[in-house]
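Remarks on the overall topology
Single-letter residue listing:
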Amino acid sequence: MRKLVATSVFATGLLAIGLTAPASAAEEKYFVTIDTVGMCSVILDIPGTELSAGKESIGAAEGYDSMEDAKAALAEMKDEKKCEGVVVGG
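Heads up: these notes are all about the structure in this document. Fair warning: this is a prediction, and the values are worked out from it, not measured in the lab. (Residues numbered from 1 in each chain as written. Predicted model: local features only at pLDDT ≥ 70, side-chain atom pairs only at ≥ 80, totals over all residues. Heavy atoms only, no water.)

**Overview of the sheet that holds strand β3 (residues 56-58)**
In a beta sheet, neighbouring strands are held together by backbone hydrogen bonds and run either parallel or antiparallel to one another. Heads up, the rule is: The criterion for strand pairing is that DSSP finds at least two bridges linking the strands in question. Numbering of helices and strands runs from the N terminus; a helix is a DSSP stretch of H or I covering at least four residues, while a strand is a stretch of E covering at least two.
Spatially, the four strands line up as an open sheet ordered β3-β1-β2-β4, and their pairing is mixed. In this open sheet, the two strands that pair with only one neighbour each are β3 and β4 (85-86). Note that strand β1 (residues 29-34) and β3 share three bridges and pair antiparallel. By the bridge assignment, I34 is partnered in β3 with E56.

**A look at unusual backbone geometry**
A positive phi is found at K81, a non-glycine position, where the angle reads about 65 degrees. Take K81: it is sitting in the loop between α2 (67-79) and β4.

Here is the structure:
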């Protein structure tokens, strides 16, 4: 009986985690930012966090759904000379 209860609790926990993970991932957005010296970069915005001091979001105000979309927008901005350079994160 204990084994059945423990398995049931474990399965319920996994189900709860599985139901919440896609919702939080859907809220993540990528933003193109520019700093005070004109260097641009792409950052992942996680809900509840703020941009670093000295950074401003440029491009789509609502952000981009994927890193690829944000990088494409960054390439366009670089070509339009809106950025002095590009900072690549590790």
